[in-house]
Amino acid sequence: MEGLSPLEIARRAVQLARAAGAEQCDAVVSMYTESNVTVRLGELEKLIEAGSMALGLRVINGGRTAVCSTSDLTPASLEAFAAEAVDLASISEPDDCAGLPEPGQLAATTSATSLGLYDEALESLSTERKIQMATACEAAAFATDPRITNSDGASLSTRIGHFALVNSLGFEGAYPATTISLVVEAIADDADGKKRNGYWYSAERSLHRLLDPGEIGRIAARRTLDQLGARKVPTCQVPVVFEPMMAVSLMGDLVGCATGSALYRGATFLANRTGEVIGTPLVTITDDPLLPGRFGSRPFDGEGVTTRRNAVFSAGAFNGFLFDCYTARRTGNQTTGSAQRGIESAPSPGPSNLVFEPGDTPPEEIIAGVANGLYLTTLMGSGFNPATGDYSRGAGGFWIESGRIAFPVTEVNISGRMDTMLAGIDVVGTDLSWFGANAAPTLRIRELTVSGI
């Protein structure tokens, strides 16, 4: 459908589905251009520039649902596509909880202007400039120290896109959005010949917020060099300090247990614990899709429902789950405006911008307060059981002795139970740091098992 906007295409898809017999339906359209440049050892290794437009259509008839997608948007193909989606819905299993939002839940205002999701500067960012930025990032890593002997490359990616959602209840919303990210991985040789690598990145919606390419390279190099001479430690139970990136990982595991999907499937240790104080008063975690310029910000959710700030934890108390309409109906609750939506999938609940609220202790004081323990900078594997809260991950970082960083640590494992870990958070730092759509400060857990030699 050449010349039509994403909103017009979504509107047309809904009209065609209704004409084909859909009782309820909604359509999402994503249109974007993206680029990626990768520089390795000072040479351009990869250059990709591509564009895409795709449509996702959900049809609901008598509780029977079909979700279909296509990138063929010619008029004849779109009409056949809509009819096929209606036919597919007729042969699916009925579900009384399936359906669009209630009309009163739909967003009245769909403007994203105040959210700062689009940066015009990315439209004029030339390929040459992108290559220069990636080159400068990798060069800064090499220039940091002669022990940086190799690189897995520096990659700069941009996306300029538009998103539209229309449903048969009369909701229509659309907004533009941009993203830019830069990542580099540096490599050094340890004394025993083992390769040590470290990476760093910055990901933002606007060019002016992106971390300086040289600084990204220098941080990646320092994180690589810090691992030289790393060794194991004996198994013990000690305080563990999570750097901000590791605190973000911990928060992600926790909030993954706080979705309606996890609740109705019985796959969360948080079931039947709404209102319970689980963590210390230092644990406050919010999900806020209305923060200007952030990765997860949006004026309406994946079903067109008004978005809002949701406090998942407040001063240690678990406030409740994140719901879309379906999981809310399944569990007797109300949607929290937390529906995520892909072109090829039905809506499902998930976070937008997660923030672990900072405390009032500088990070250096947190380390200084540890007589013997681990400063965590690396997590590996997926050893977390959401249903029980059992937590066990491969780890690395630095050993702390008498309040000072003593030596790098590798090939250890940290383990505990998530609820006990939350109850053991005794200090939270001032250094709130953003990683894409998530932010957290340094935090310390009073005691975890560190398994090593």
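Look above for the structure.
Caption draft 1: Broad picture of the side chain of Thr268. Its location among the elements puts Thr268 in the loop between helix 6 (260-264) and strand 8 (285-287). Separated by 3.0 Å, the side chain of Thr268 and the backbone nitrogen of Leu270 make a polar contact. Once residues within four sequence positions are removed from consideration, Thr268 is found in contact with Cys257, Ala262, Leu263, Phe321, Pro386 and Ala387.

Caption draft 2: View of the packing of aromatic side chains. Overall, the coordinates contain 13 aromatic pairs when judged by the stated rule. Between Tyr199 and Tyr201, the ring centres sit 6.4 Å apart and the planes meet at 15°, which makes this aromatic pair stacked. Judged by its relative accessible area of 40%, Tyr199 is partly exposed. The exposure class assigned to Tyr201 is partly exposed, which follows from its relative accessible area of 24%. Here a set of aromatic residues connected by ring pairs shows up, and it is made of Phe163, Phe171, Tyr175 and Phe300. A cation over an aromatic ring shows up here: Arg205 above the ring of Phe295, its NZ or CZ 5.7 Å from the ring centre. Sitting above the plane of the Phe407 ring, Arg231 keeps its charged end 3.5 Å from the centroid.

Caption draft 3: Representation of the packing of helix 1 (residues 6-19) against helix 2 (residues 75-90). Packing of helix 1 against helix 2 brings their axes to within 8 Å, and their N-to-C directions diverge by 55°. When the axes of helix 1 and helix 2 are compared, the pair comes out oblique. Note that helix 1 runs across helix 2; the crossing there is right-handed. Facing helix 1, whose interface residues are Arg12, Ala13, Leu16 and Ala17, helix 2 presents Leu78, Glu79, Ala82 and Val86. Tallied by class, residues from the contact of helix 1 with helix 2 come to 6 nonpolar, no polar and 2 charged.

Caption draft 4: Structural context of the layout of surface pockets. The space that makes up the largest pocket amounts to roughly 1,000 Å³. What lines the largest pocket is a set of 42 residues, and nearest its centre among them are Tyr199, Trp200, Arg223, Glu243 and Thr377. Mapped by element, the contributors of at least two residues to the lining of the largest pocket are strand 6 (195-204), helix 4 (213-225), helix 5 (244-255), strand 14 (372-380), strand 15 (390-401), strand 16 (404-417) and strand 18 (433-435). Of the residues forming the lining of the largest pocket, the biggest block, 10 residues, is contributed by strand 6. Among the residues forming the lining of the largest pocket, the class breakdown is 19 nonpolar, 11 polar and 12 charged. Size it by volume and the second largest pocket reaches roughly 720 Å³.

Caption draft 5: Quick look at the environment of Glu23. Summarising the element assignment, Glu23 is placed in the loop between helix 1 and strand 1 (24-40). Sequence spacing of Glu23 and Ser168 is 145 residues, and the spatial spacing of their C-alpha atoms is 8.3 Å. Apart from the residues within four sequence positions on either side, Glu23 is in contact with Arg18, Ile60, Asn61, Gly62 and Ser168. A distance of 3.0 Å separates a polar side-chain atom of Glu23 from the backbone nitrogen of Gly62.

Caption draft 6: The sheet that holds strand 5 (residues 172-189), seen in detail. Taken in spatial order, the 6 strands line up as 3-2-1-4-5-6 in an open sheet, and their pairing is antiparallel. Of all strands in the sheet, those bounded by a partner on one side alone are strand 3 (64-70) and strand 6. Pairwise comparison of adjacent strand axes, ignoring direction, gives a mean angle of 20° for this sheet. Each of strand 1, strand 2 (43-61), strand 4 (148-167) and strand 5 is contacted by helix 1, which is oriented at about 145° to strand 1, the strand it contacts most.

Caption draft 7: Layout of unusual backbone geometry. Positioned with a positive phi, Asn272 is a non-glycine residue whose angle comes to about 60°. Tracing the sequence through the fold places Asn272 in the loop between helix 6 and strand 8. Of note in this structure, Ala315 is not a glycine but carries a positive phi near 50°.

Caption draft 8: Expanded view of the pattern of salt bridges. Under the defined criterion, the tally for this structure stands at 21 salt bridges. When the shortest N-O distance is used, the salt bridge between Arg58 and Asp26 registers 2.8 Å. With Arg58 in strand 2 and Asp26 in strand 1, the pair connects residues that are 32 residues apart, well separated along the chain. Of the two residues, Arg58 and Asp26, both sit in the buried class.

Calculation criteria
- Residues numbered from 1 in each chain as written.
- Predicted model: local features only at pLDDT ≥ 70, side-chain atom pairs only at ≥ 80, totals over all residues.
- Heavy atoms only, no water.
- Helix = DSSP H or I, 4+ residues; strand = E, 2+ residues; numbered from the N terminus.
- Polar contact = N/O pair within 3.5 Å; in protein donor to acceptor, adjacent residues only side chain to side chain.
- Contact = heavy atoms within 4.5 Å.
- Phe/Tyr/Trp six-rings, centres within 6.5 Å; stacked < 30°, edge-to-face > 60°.
- Buried < 20%, exposed > 50% of the residue type's maximum accessible area, 1.4 Å probe, protein only.
- Lys NZ or Arg CZ within 6 Å of the ring centre and 35° of its normal.
- Axes fitted to C-alpha atoms, helices over the stretch in contact; angles between N-to-C directions.
- Parallel < 35°, antiparallel > 145°, perpendicular 65-115°, else oblique.
- Left-handed = near helix turned anticlockwise from the far one by under 90°.
- Nonpolar A, V, L, I, M, F, W, Y, C, P; charged D, E, K, R; others polar.
- 1 Å grid on protein atoms, 1.4 Å probe; cavity = no way out; pocket = protein on both sides within 12 Å on 5 of 7 lines; lining within 4 Å.
- Points joined across faces, edges and corners; volume = space filled by probe spheres on them.
- Pairing = 2+ DSSP bridges.
- Salt bridge = Lys/Arg side-chain N within 4 Å of Asp/Glu carboxyl O.

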